[in-house]
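# Structure assessment
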Amino acid sequence: MIRNSAAEMAAKLNTGEITSVELTQLHLDRIASVDTDVHAFLYVNNEGALAQAAEVDSKRAAGEKMSPLAGVPLALKDVMTQKGVPTTCGSKILEGWRPPYDSTVVTNLKKNGIVILGKTNMDEFAMGSSTENSAYGPTHNPWDLSRIPGGSGGGSSAALAAFEAPLAIGTDTGGSIRQPAAVTGTVGVKPTYGGVSRFGLVAFSSSLDQAGPCARTVLDAALLHEAIAGHDPKDSTSINAPVPQVVAAAKSGDVKGMKIGVVKELNGEGYQSGVRTRFEESLELLAAAGAEIVEVSAPNFEYALAAYYLIAPSECSSNLARFDAMRYGLRVGDVDGASAESVMNLTREVGFGREVKRRIILGTYALSSGYYDAYYGSAQKVRTLITQDFNKAFEKCDVMVSPTCPTTAFKIGEKSNDPIAMYLNDIATIPVNMAGIGGMSLPAGLAPEDGLPVGFQIMAPAMQDDRMYLVGAALEAALSSKWGAPLLSKIPALAGK
Amino acid sequence: MTSLSRDDVANLARLARIEMSDEELVNLSKEFTVILDAVARVQEVAGADVAPTSHPLPLRNVFRPDVVVASLTPEEALSGAPSQEESRFRVPQILGEE
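Residues numbered from 1 in each chain as written. Chains lettered and ligands numbered in written order. Predicted model: local features only at pLDDT ≥ 70, side-chain atom pairs only at ≥ 80, totals over all residues.

Another point: the overall build of chain A. Helices and strands together make up the secondary structure of chain A, namely 16 helices and eleven strands. With respect to the three principal axes, the spread of C-alpha positions in chain A is 70 × 55 × 45 Å. Looking at chain A as a whole, 63% of its 497 residues qualify as buried. Counted over contacts in chain A with a minimum sequence separation of 6, partners at least 24 positions apart contribute 77%. (Helix = DSSP H or I, 4+ residues; strand = E, 2+ residues; numbered from the N terminus. Buried ≥ 20, exposed ≤ 12 C-beta atoms within 10 Å, placed from the backbone. Contact = placed C-beta atoms within 7 Å.)

Printed below as a string of structure tokens:
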């Protein structure tokens, strides 16, 4: 049962084959048995999840009209507030904090009867590509426990691959939904910026942050996307327009006549050979399904990484100023006669990890007078150039595609002392965030040389998120019929289970 | 090649309100030479003719109707406070004695 898709689970809930309480308990049992190895969760809300499931069951029994995913369990990234449930963002500075309010994403999940199992591990404040920057220890990739599950949302992707949850919520500032999806053989979608409310998402880089769905199938991602998306008056940057018809697109998967643009600059040198093999094969399958493959060029993408590592730290240095030890979270050094400033300094020294400090200092520098134009100002101009590249390319195609990441999952510890090598992971995912458009990663198979999952990235113009689901569903169908089973059926068993 | 000295980093850490050990300051100043070199590439293409983008959406002054809605109670607002007194956040001394 736990290996079913969310849509299959929902169908069984509808026919009465299983109750939500039973389904939730199966997942809680699975978490109890495998999460000591995987460490996807920072907090498991046994009682809360079962209570929510019982409520859904009684509504269903009373004959109420249910949403499509009602009663299906989900894992929530620990960057999203849920009233009364610990929310740490993977940081010591928020250890023990229980938010007094729900994020809009959580409000929408609850409204749809989606059962929240608990909070998943992440790089501290979503800064990282491996989940090694969590103050609570790394998460392990279920494909190979010695490897990283991606980041920052490695807990959410690992929970899906380990069958601890069929659905998860991620957030994507530079690839934190898509890269974890790629390295764990799961599906992750970063919606158009403003498509899903950021209210209650603890801010890292406000002009880039976007929450989105994580799942094991394209249809499941679409169902979750529709459940969480839409305008929210509490987020002034949320888009006041109808949500794109993503579920219909995922059910159709018709790509006949669609033009698919292969980004010349996001392939070739620096990309692992098995990643390229699987990418080329996916293109052939899409062509066989009736799509037209064209090449597009985006010459300024090569500057995206540099611009990102100025913009994101700049915004983070400002956003993380709120952790001042005064109103919530950790407070250190509050002894008689200590000044507020010394308490802030000591709290932030102890409460923040190495990568967070590095980025705050970098952002403080990039925004300081005398350097602003050379760094932050120039990065903002690159952002314009990247958006122009996308606009020009989308004149020639309906969606753009690339490998999601240059390599498959690397070993835990392999890159943790080399920030630049770590940042290179995000080279293909960052342009999407810079332009505020949509991006999806779905599994393209295993790299022949290491047997690890490879991700295929689809990028669509702003508010055309449904196009990603059309192409994703077509590719997923073609690959599954080639493999004869979903990719995750090949994952090694955990602890003999 | 841009570089930041240990003292430059110490000044930034002071501005960012983060206490740092001497070892951390030295390490960060070394790392910054590499990182700044990598990010300085943005200057290659950022010509005077390119307009900056600060945000993906062309939004300006988003308003909502001016009506009272439910908000946190004082108890809820104070629920995460490290220290409180008489329904207020208790904070360390802010102004100097001199």
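Along its length, chain B carries three helices and two strands. Taken from N to C terminus, the helices and strands of chain B fall in the order α-α-α-β-β. Summarising its shape, the C-alpha atoms of chain B cover approximately 55 × 45 × 25 Å along the three principal directions. The proportion of buried residues among the 98 residues of chain B is 21%.

All right, on to the nonpolar core then. By size, the foremost hydrophobic cluster in this structure holds 181 residues, and its most contacted members are A:Leu74, A:Ala222, A:Ala307, A:Leu310, A:Val399 and A:Val471. Counting residues per element, this core draws most heavily on helix α10 (residues 304-319) of chain A, which supplies ten residues. When sequence neighbours within four positions are dropped, the list of residues in contact with A:Ala307 reads A:Ala379, A:Val382, A:Arg383, A:Met434 and B:Val42. (Core = buried A, V, L, I, M, F, W, Y, C linked by C-beta atoms within 7 Å.)

Okay, unusual backbone geometry next. Along the chain, A:Gly151 connects to A:Ser152 via a cis peptide bond; the corresponding omega equals 10°. Counting through the fold element by element, A:Ser152 comes out in the loop between β3 (115-120) and α5 (154-161). You will see that A:Cys89, though not glycine, has its phi angle at about 55°, which is positive. Relative to the elements of secondary structure, A:Cys89 occurs in the loop between β2 (73-77) and α4 (104-111). C-beta crowding within 10 Å serves as the criterion here: with 29 such atoms nearby, A:Cys89 is assigned to the buried category. Not every positive phi belongs to a glycine, and B:Glu86 is a case in point at roughly 50°. In this fold, B:Glu86 is placed in the loop between β1 (84-85) and β2 (88-89).

All right, on to the interface of chain A and chain B then. Across the contact, 58 residues belong to chain A and 44 residues belong to chain B. For the side of chain A that touches chain B, the secondary-structure elements that each account for two or more residues are α10, α11 (340-351), α12 (354-366), α13 (373-393) and α14 (419-423) of chain A. Looking at which element gives the most residues to the side of chain A that touches chain B, the answer is α13(A), with twelve residues. Split into classes, the residues belonging to the side of chain A that touches chain B amount to 31 nonpolar, 16 polar and eleven charged. (Nonpolar A, V, L, I, M, F, W, Y, C, P; charged D, E, K, R; others polar.)

A few words on the sheet that holds β2(A). Strand pairing in a sheet is mediated by backbone hydrogen bonds. Such pairs are either parallel or antiparallel. Residues and elements named next belong to chain A. Across the sheet, eleven strands lie side by side as β1-β3-β2-β4-β6-β5-β10-β11-β9-β7-β8; this open sheet has mixed pairing. Since the sheet does not close on itself, it has two edges, and those belong to β1 (41-44) and β8 (292-296), each with one partner. Here the strands of the sheet are splayed against their neighbours by 30° on average, with no regard to which way each runs. Judged from the three bridges that link them, strand β7 (residues 259-263) and strand β9 (residues 399-403) form a sheet pairing that is parallel. Among the inter-strand pairings, Ile260 is bridged to a residue of β9, identified as Val399. In this fold helix α3 (residues 46-61) packs onto β1, β2 and β3, with an angle of close to 160° to the strand it touches most, β3. (Pairing = 2+ DSSP bridges. Axes fitted to C-alpha atoms, helices over the stretch in contact; angles between N-to-C directions.)

A separate point is the packing of helix α7 (residues 218-228) of chain A against helix α16 (residues 465-483) of chain A. All names here are of chain A. As a packed pair, α7 and α16 sit with axes 9 Å apart at the nearest point and diverge in direction by 155°. As judged from the angle between their axes, α7 and α16 are roughly antiparallel. Where α7 approaches α16, its residues Val218, Leu219 and Ala222 are matched on the opposing element by Tyr469, Gly472, Ala473 and Glu476. Along the lines of polarity and charge, the residues of the contact of α7 with α16 split into five nonpolar, one polar and one charged. (Parallel < 35°, antiparallel > 145°, perpendicular 65-115°, else oblique.)

It is worth spelling out the pairing of strand β11 (residues 453-460) of chain A at this point. All names here are of chain A. Among the eight residues that make up β11, eight are buried, leaving the element largely enclosed by the rest of the structure. Going residue by residue along β11, you find Pro453, Gly455, Gln457 and Met459 tucked away on one face and Val454, Phe456, Ile458 and Ala460 tucked away on the opposite face as well. Of the pairings in the sheet, the one linking strand β10 (residues 438-446) to β11 comprises eight bridges and is antiparallel in character. Paired with Gly438 across the two strands is Ala460, which belongs to β11.

With that settled, consider the environment of A:Ala393. Residue and element names in this part refer to chain A. As for its position among the elements, Ala393 is in helix α13. Distance from Ala393 to Ala298, taken between C-alpha atoms, is 7.2 Å for residues 95 residues apart in sequence. Excluding residues within four positions of it along the chain, Ala393 makes contact with Gly261, Val296, Ala298 and Met400.

All names here are of chain A. Those residues of α4 that fall on the buried side of the exposure criterion are Thr104, Val105, Val106, Asn108 and Leu109. Structurally, α4 contributes buried residues whose contacts are with β2, β3, β4 (167-171), β6 (211-215) and α7. At the exit of α4 stands Gly113, carrying a positive phi of roughly 70°.

Across the eight residues that make up α5(A), a large majority, eight, are buried. Phi for A:Phe163, located one or two positions after α5(A), is positive at around 60°.

We now examine the packing of helix α9 (residues 273-288) of chain A against α16(A). Residue and element names in this part refer to chain A. α16 packs onto α9 with a crossing angle of 105° between their chain directions and a minimal axis gap of 9 Å. Put simply, α9 runs roughly perpendicular to α16. Here α9 contributes Ser282, Leu285, Leu286 and Ala288 to the contact with α16, which in turn contributes Val471, Ala474, Leu475, Ala478 and Leu479. Taken together, the residues that form the contact of α9 with α16 break down as eight nonpolar, one polar and no charged.

Now for the confidence of the model for chain B. Looking at chain B, the pLDDT average stands at 91 and 97% of residues meet or exceed 70. Confidence, expressed as mean pLDDT per element, reaches its minimum in chain B at helix α2 (residues 22-39) of chain B with 93 and its maximum at helix α1 (residues 6-15) of chain B with 96. (pLDDT = per-residue confidence, 0-100.)

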